[in-house]
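# Understanding the architecture of this molecule
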Amino acid sequence: MQKLKDWFYGLQARERWMVAVASVLVVITVLYLFVLAPFYSAVSMRAERVAKKQADLSWMRAVAGDVIALSQDAPVAVAPTGESLVVLVDRTARECGLSSALTGQTPNGATGIRVRLERAEFDKLVLCLANLQRGHAVSIESATIDRTSEPGFVNASLVLNRAAG
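Residues numbered from 1 in each chain as written. Predicted model: local features only at pLDDT ≥ 70, side-chain atom pairs only at ≥ 80, totals over all residues. Heavy atoms only, no water.

### Side note on the sheet that holds strand β3 (residues 138–147)
Threshold: At least two DSSP bridges between two strands are required for those strands to pair. In this text, helices come from DSSP runs of H or I with a minimum length of four residues, and strands from runs of E with a minimum of two, each type numbered from the N-terminal end. Note on definitions: angles span 0 to 180 degrees between N-to-C directions of axes, and those axes are lines fitted to C-alpha atoms, for helices only across the stretch in contact. Note on definitions: a residue-residue contact is assigned when non-hydrogen atoms from the two residues lie within 4.5 Å.
Strand order in this open sheet of 4 strands is β1-β2-β4-β3, and the pairing throughout is antiparallel. Unpaired on one side and paired on the other, β1 (102–107) and β3 mark the two borders of the sheet. On average, each strand axis in the sheet is tilted by 15° relative to the strand beside it, whichever way the strands run. Where strand β2 (residues 112–121) meets strand β4 (residues 153–162), 8 bridges bridge the pair, whose relative direction is antiparallel. Within β4, the position partnered with Gly-112 by the bridge is Asn-161. Here helix α3 (residues 85–96) sits on the sheet and contacts β1, β2, β3 and β4; the angle it forms with β1, its principal contact strand, is near 160°. In the packing of helix α4 (residues 122–136) onto the sheet, contacts are made with β2, β3 and β4, and the angle to β4 comes to roughly 10°.

### Overview of the side chain of Asn-161
Short version of the rule: Here a polar contact is recorded for every N or O atom pair within 3.5 Å, except that within protein the pair must consist of a potential hydrogen donor and a potential acceptor, and residues adjacent in sequence are included only if both atoms are side-chain atoms.
Relative to the helices and strands, Asn-161 resides in strand β4. Among the polar contacts made by the side chain of Asn-161, one reaches the side chain of Glu-141 at a distance of 2.3 Å. Among all residues touching Asn-161, those that are not within four sequence positions of it are Thr-111, Gly-112, Ala-137, Val-138, Ser-139 and Glu-141.

### Details of a nonpolar patch on the surface
Rule in force here: Patch criteria: residues need more than 30% relative accessible area and no salt bridge. Like-charged residues are merged within 9 Å; nonpolar side chains of Val, Leu, Ile, Met, Phe, Trp and Tyr are merged within 5 Å. In this description, accessible areas are obtained by the Shrake-Rupley approach with a 1.4 Å probe, and a residue is regarded as covered only by the protein chains that are shown. Salt bridges are defined by distance alone: a side-chain nitrogen of Lys or Arg within 4 Å of a carboxyl oxygen of Asp or Glu.
A surface patch of nonpolar side chains, amounting to about 1100 Å² of accessible area, comprises Val-26, Val-30, Leu-31, Tyr-32, Leu-33, Phe-34, Val-35, Leu-36, Phe-39, Tyr-40 and Val-43. Mapped onto the elements of the fold, Phe-39 is located in helix α2 (residues 13–73).

### Re a positive patch on the surface
We apply this condition: In summary, the charge assignment counts Lys and Arg as positive and Asp and Glu as negative, without counting His or the chain termini. Charge coordinates come from a single atom per side chain, which is NZ of Lys, CZ of Arg, CG of Asp or CD of Glu. Three labels apply to residues, based on accessible area from a 1.4 Å probe with only protein chains included: buried if under 20% of the type maximum, exposed if over 50%, partly exposed otherwise in between.
Taken together, the side chains of Arg-46, Arg-49, Lys-53 and Arg-147 present a region of like positive charge at the surface. Sort the elements by how many residues they give to the positive patch and α2 lands first, with 3 residues. Residue position: Arg-147 is located in strand β3. Given the relative accessible area of 77%, Arg-147 is considered exposed.

### Description of the pattern of salt bridges
Throughout the structure, instances matching the rule amount to 6 salt bridges. A salt bridge links Arg-94 to Asp-90, with the shortest nitrogen-to-oxygen separation between them at 3.3 Å. On the criterion of helical spacing, the pair formed by Arg-94 and Asp-90 is a turn pair, its members being 4 residues apart in helix α3.

### Quick look at the packing of aromatic side chains
Here is the rule we go by: Two aromatic rings, drawn from Phe, Tyr or Trp (for Trp, its six-membered ring), form a pair once their centres lie within 6.5 Å of each other, and the interplanar angle then sorts them: stacked below 30 degrees, edge-to-face above 60, tilted otherwise. Any Lys NZ or Arg CZ that is within 6 Å of a ring centre and within 35 degrees of that ring's normal is treated as a charge sitting over the ring.
Counting across every chain of the model gives 2 aromatic pairs. Between Phe-8 and Tyr-9, the aromatic rings sit 5.4 Å apart at their centres with planes inclined by 75°, giving edge-to-face as the arrangement. What makes Phe-8 partly exposed here is its relative accessible area of 22%. Geometry around Phe-153 places Arg-119 over its ring, the cationic atom sitting 4.5 Å from the centre.

Nothing here speaks to function; it is geometry throughout.
Rendered as structure tokens:
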């Protein structure tokens, strides 16, 4: 460090001024390239993501009335099988190709069940839940669905209910 100081003070005053200005410019450039530019890029990407999600939300709000109207018009064909909800969920999971993902079932009151699925195909899960709702009057009380590292697969915790009768 002392050699650098000796070299710097060995320069003429005009040269020292030019080296100092050039050093400040280099520091500013490095600061911009390695700190500010990535920050601005991240902010821009987040803004684009928010705009896309706002557009999706606007579309969902626009079609919500149609979805509600269609769901109210659709008849619910309940197939009275007399199966317990545990057996019904297990059978439906096998039919939908989710038997290997079904890791737990726990009764939840007289007409409910808690279901845990690990590494389930999301598309199959949605179709299976639709089949349960349409064909067996099973409703979803709550659902927690988390994505996995593998695209298209999720972990899900569901609380399902079926009207007594």
